[in-house]
Every structure is written in structure tokens, then in C-alpha cells.
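For reference, the chains in residue letters:
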Amino acid sequence: MVSFLKNLFKPKTAPTVEVQPFGTSFEVPAGQTVLESALEHSVPFPHNCTVGTCGACKCRLVSGRVKAITDFGYVLSQKELDAGYILACQAVPQDERIVVQVPAGIEDAPPAERYRGSIVATESLTHDILRVKVELDRPLRFVAGQYASLKSAELALPRCYSFADAPEREGSRTVSFMIRKVPGGAFTEALFAGTLKGTSLTVEAPLGDFHLRTGEGPMICVAGGSGLAPLLSILEDARKKRVTRRCVLLFGARTQADLYALDQIRTIAGGWRGGFEFLPVLSAEPADSGWEGRRGMVTEYIAEALAGEADRGAEFYMCGPPVMIDRAIDVACDQGIALDSIHYDKFTDLGTAARAVAA
Ligand SMILES: Cc1cc2nc3c(=O)[nH]c(=O)nc-3n(C[C@H](O)[C@H](O)[C@H](O)COP(=O)(O)OP(=O)(O)OC[C@H]3O[C@@H](n4cnc5c(N)ncnc54)[C@H](O)[C@@H]3O)c2cc1C
Ligand code: FES
């Protein structure tokens, strides 16, 4: 029975993959993933980590079947899985012909390049979040919301960090990140111990397609922890460009001591053209602290932020821990928001990959 099923699902010849919207087709030799073959055929397939943690290679399976090397569910939400999304770096074709569709990238985004850099300054924002300034060998241009991968000689794999400032038109030689300490994390433990200052880094950037779209409906931004960084970049850039959309920034933190960048948010709110609301939500603030703001999980306030405007072109922009993003996608979809109006970067780490492999 088992060998019958194996034969039933075994493709007769090397499977072919068509990648839309490029219209390119190529064969995938046995043992290769869709992404590996695409890159061998010089298809500009979005990717970064190649090990199933960053989500950059997310694409929609239009037809055919694939086998997941590691569970897509560690990076993709249930709603995305139900809608047919897969991770190309973890997908092996199971049919003779499959078709995948990659999302439209950012128009006019500068191509990713390699830079040399070093950490020149750090500033403590909370007990576990640092603002980190990196000086580069030449100016770097990026689109607000994108990220860089940083690698020191000690790391086997690079780590991704979102740009925290609005981009400069001519590029900038100094870029900032907001980095949260991850207990047991190779890069962040060294960073917080102060041993990385001055260390030479290889920086690849700009990466990712998280960016503000050109809609007119309300923007609902949801940030958790250091996920505020790319949203501040997007919001500061949008303020400078005089965007007139209604905007709500939901910021989830544990306690008042975990809130940061409040002056920056005040400046953005003060100069915003279309109505700006900032809703910090605390999940572990002591009951007797005098905090009069919202309490609980940040995702509980999504309906309030939408204010009945789901069908007026509302879009979601979200960054932070994977569990928060997954929950927020579910709640937004339940409120009537289409998946293609929900944009996010999940701050996954190597623990995510290890858990997926072990599953
Ligand atoms: C697109 C993107 C953008 C991001 N932007 C930001 C940002 O702006 N700010 C930010 O703070 N973070 C961001 N991140 C997360 C960041 O890239 C790192 O993953 C994070 O800083 C942890 O790095 P680390 O080296 O300290 O931890 P890692 O060494 O990656 O370890 C992370 C956790 O996994 C555990 N672990 C590691 N290896 C294994 C293993 N083999 N088995 C089991 N457990 C293991 C570690 O003990 C630790 O608890 C982003 C991630 C992505 C994908
Ligand atoms: S390139 Fe596939 S998840 Fe990162």
C-alpha cells in the first residue's frame, strides 16, 4: 500500500515550475527546492534566509502540489496556508507541473548590495531594546519598511534587522536599527554585552517588500516590541511625504517601562495630515500602577482601531513576534480585511527554524 502511494505521487519526469508574473519555466532536479532551481535559472525570486525562517520567499501555489521540507506553518499563518501560500525555499514539487505566483515587489526599490559596516553607537531604549547605529563604507538607499541582513565573522548565518529611520533621498552612510535582546541569541547576547562595538559586519541591503502601498483608506499599524522600528520608518517617511490617510498605531508592550520612542511618535502624530491615533496596549502592567490606557493583548483592539472602516480600503501594516502577527492576521481577516491588504514582517529567529525542522 505504501509503495503504491509513493508511486502514485512520484512524478514521472523532472517536474517543471512556472513562476508568475515572470512567465519563466524551468525543471526542478530531484532533491532541489523550487527556490534553489529558480535561482539557478536566474529567476529574480524574492528570498533571504533560504532555511524557512524569514518568509521572504512566500508565494502562492496556483496549481500542482508541493511537499514541505519543514512545516510552512512556522512562518505562514493558517489563513495564508488556506489561501495556498507556500515557502519556495522549503517546497519540493510533487506534480509534473506546478505554477507559483510571487507577490509584486517594490517598484523603484534599489537593488540589494553588499556593504562593509561597523556598530558605532548604541542607545538603551528599554531594558531589552537598543537603538544601534551602523556606519557603512558608502551611502545606502532603501525604501521605508525594508530591512538589512547583518553578519559578523562569528555568525554562521546573517541576522535580519529592519531600518528604524526614514530613508534619505540620496542614501545614508549611517543607518539605525532597534534590536531586542533574545535570551540565548548569538548576535543579540553579544550586542548587549557590548562586545560587538567596532566589529566588522557584512551588511546586505535593502531586502524585503514591506512598504507603504498607495491606497487612500485607513492604515492600521500593529507593532510588538522591536517591531516598532520599520513602522516608525514608514510613518516618518509618510509624514514627510504628507500622506493624508487616517492612521492608527497600535503598540503592544508588557509594561509602561517597555514603551519607547514616544517623543518620535508624538512628532509623527503632530505633523500627520489625516488624523493619527496612538494606542499603546500593555499586557503585564501591574493593576495598581495608575495606567489608564488599554490593557491586554494588542490584537484585542484591532476592531476598535478599524472603527467600522474595514470596507473603506483599510490596510494593515504589522511587525513583531510571529505569534502576534498570526493572531492579528486572523482578527483582521475576521473583520473583513482581505489577505492582500495585510502586509507584515515577522521577526522570526533561528529558534523558529530549529522548531520547524524538529516538528
Ligand atoms: C525580516 C526580519 C526582520 C527583523 N527585524 C528585526 C528588528 O528590526 N529588530 C529585532 O530586534 N529583531 C528583528 N528580527 C529578528 C532578528 O533577525 C534575529 O532573529 C534576532 O535578533 C535573534 O538573533 P540572535 O542571533 O540573537 O538569536 P539566535 O541565535 O537566532 O537565536 C534565537 C533563539 O533561538 C534559539 N536557538 C538558536 N539556534 C537554535 C537551535 N539550533 N535549536 C533550538 N533553539 C535555537 C536561541 O537560544 C534563541 O533563544 C527580524 C527578523 C526578520 C526575519
Ligand atoms: S528565503 Fe524562504 S523563508 Fe527565508
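This one's a predicted model, so the numbers in the text were calculated from it and none came from an experiment.

(A) Region of the structure containing the overall build of the protein. When its secondary structure is counted, the protein shows nine helices and 19 strands. Whereas a compact globule of 359 residues would reach a radius of gyration of roughly 21 Å, the protein reaches 21 Å, a difference of no more than 12%. In terms of overall dimensions, the protein has a C-alpha envelope of 65 × 50 × 40 Å along the principal axes. A burial count over the protein gives 48% of its 359 residues as buried. A fraction of 70% describes how many contacts in the protein between residues 6 or more apart in sequence connect residues 24 or more apart. Summed over all atoms, the accessible surface of the protein reaches about 16900 Å², with 50% contributed by carbon and sulfur.

(B) The site of ligand 1, seen in detail. Around ligand 1 sit 24 residues in total, of which R159, C160, Y161, R180 and T188 are the nearest. In the model, an oxygen atom of ligand 1 is placed 2.5 Å from a nitrogen or oxygen of the R159 side chain. Within the backbone of C160, a nitrogen or oxygen atom sits 2.6 Å from an oxygen atom of ligand 1. Here ligand 1 loses 78% of its free accessible area of 980 Å² to cover by the protein chains.

(C) Geometry of helix 8 (residues 322-334). When the terminal C-alpha atoms of helix 8 are compared, their 18 Å separation across 13 residues agrees well with the 18 Å that a helix rising 1.5 Å per residue should span. All buried positions along helix 8 are accounted for by M324, I325, A328, I329, V331, A332 and C333. Following helix 8 by one or two positions, G336 has its phi on the positive side, about 95 degrees.

(D) The arrangement of the domain arrangement of the protein in detail. Under the domain assignment used here, the protein contains domain 1 (2-101), domain 2 (113-209) and domain 3 (219-350). If you average the C-alpha positions of domain 2 and of domain 3, the two centres end up 23 Å apart. Across the boundary between the two partners, domain 2 contributes 21 residues, which contact 19 residues of domain 3. Buried area between domain 2 and domain 3, summed over both chains or domains, comes out near 1500 Å², and the portion from carbon and sulfur atoms is 60%. It is S162, A166 and M178 that lose the most area in domain 2 upon contact with domain 3, and together they represent 29% of the buried surface on that side. For the pair domain 2 and domain 3, the interface holds zero salt bridges. On inspection of domain 2 and its partner domain 3, the count reaches three residue pairs in polar contact (both at pLDDT 80 or more). Looking at the side of domain 2 that touches domain 3 residue by residue, the class counts come to twelve nonpolar, four polar and five charged.

(E) Examining the packing of aromatic side chains more closely. Counted by the stated rule, this structure contains six aromatic pairs. For the ring pair F142 and F163, a centre distance of 4.0 Å and an interplane angle of 15 degrees mean the geometry is stacked. Of this pair, F142 sits in the loop between strand 9 (129-140) and strand 10 (147-152) while F163 is found in the loop between strand 11 (159-162) and strand 12 (172-180), placing the two residues 21 residues apart along the sequence. Of the two residues examined, F142 and F163, each falls in the buried class. Among the aromatic side chains, those forming a connected cluster through ring pairs are F142, F163 and F177. Seen from the ring of Y85, K58 lies directly overhead, with NZ or CZ sitting 5.3 Å from the centre. A cation over an aromatic ring shows up here: R138 above the ring of Y115, its NZ or CZ 4.0 Å from the ring centre.

(F) A look at the sheet that holds strand 1 (residues 16-20). Reading across from one edge, 2-1-7-3-5 is the order of the five strands in this open sheet, with mixed pairing throughout. At either end of the open sheet lies a strand with only one pairing partner, and these are strand 2 (24-27) and strand 5 (85-87). In this sheet, neighbouring strand axes are inclined to one another by 35 degrees on average, regardless of whether the strands run parallel or antiparallel. The sheet contact formed by strand 3 (residues 58-63) and strand 7 (residues 97-101) spans three bridges and is antiparallel.

(G) Expanded view of the environment of A332. Turning to its location among the elements, A332 is positioned in helix 8. Each C-alpha atom of the pair A332 and A148 lies 28 Å from the other, and the pair is 184 residues apart in sequence. Aside from chain neighbours lying at most four places away, what touches A332 is F316, I337 and I342.

(H) Representation of the side chain of E236. Counting through the fold element by element, E236 comes out in helix 5 (residues 228-240). On the basis of relative accessible area, E236 is assigned to the buried category, the value being 14%. Among the polar contacts made by the side chain of E236, one reaches the side chain of R239 at a distance of 2.8 Å. Contacts of E236, omitting those with residues within four sequence positions, involve A166 and I268.

Each value, and the rule that gives it
Residues numbered from 1 in each chain as written. Chains lettered and ligands numbered in written order. Predicted model: local features only at pLDDT ≥ 70, side-chain atom pairs only at ≥ 80, totals over all residues. Heavy atoms only, no water. Helix = DSSP H or I, 4+ residues; strand = E, 2+ residues; numbered from the N terminus. Rg over C-alpha atoms; globule rule 2.2 N^0.38 Å. Buried < 20%, exposed > 50% of the residue type's maximum accessible area, 1.4 Å probe, protein only. Contact = heavy atoms within 4.5 Å. Areas by Shrake-Rupley, 256 points an atom, 1.4 Å probe, with all protein chains shown as cover. Near = heavy atom within 4 Å. Polar contact = N/O pair within 3.5 Å; in protein donor to acceptor, adjacent residues only side chain to side chain. Expected span 1.5 Å × (residues − 1). Domains from an automatic or database assignment. Buried area = accessible area lost by both parts, 1.4 Å probe. Salt bridge = Lys/Arg side-chain N within 4 Å of Asp/Glu carboxyl O. Nonpolar A, V, L, I, M, F, W, Y, C, P; charged D, E, K, R; others polar. Phe/Tyr/Trp six-rings, centres within 6.5 Å; stacked < 30°, edge-to-face > 60°. Lys NZ or Arg CZ within 6 Å of the ring centre and 35° of its normal. Pairing = 2+ DSSP bridges. Axes fitted to C-alpha atoms, helices over the stretch in contact; angles between N-to-C directions.

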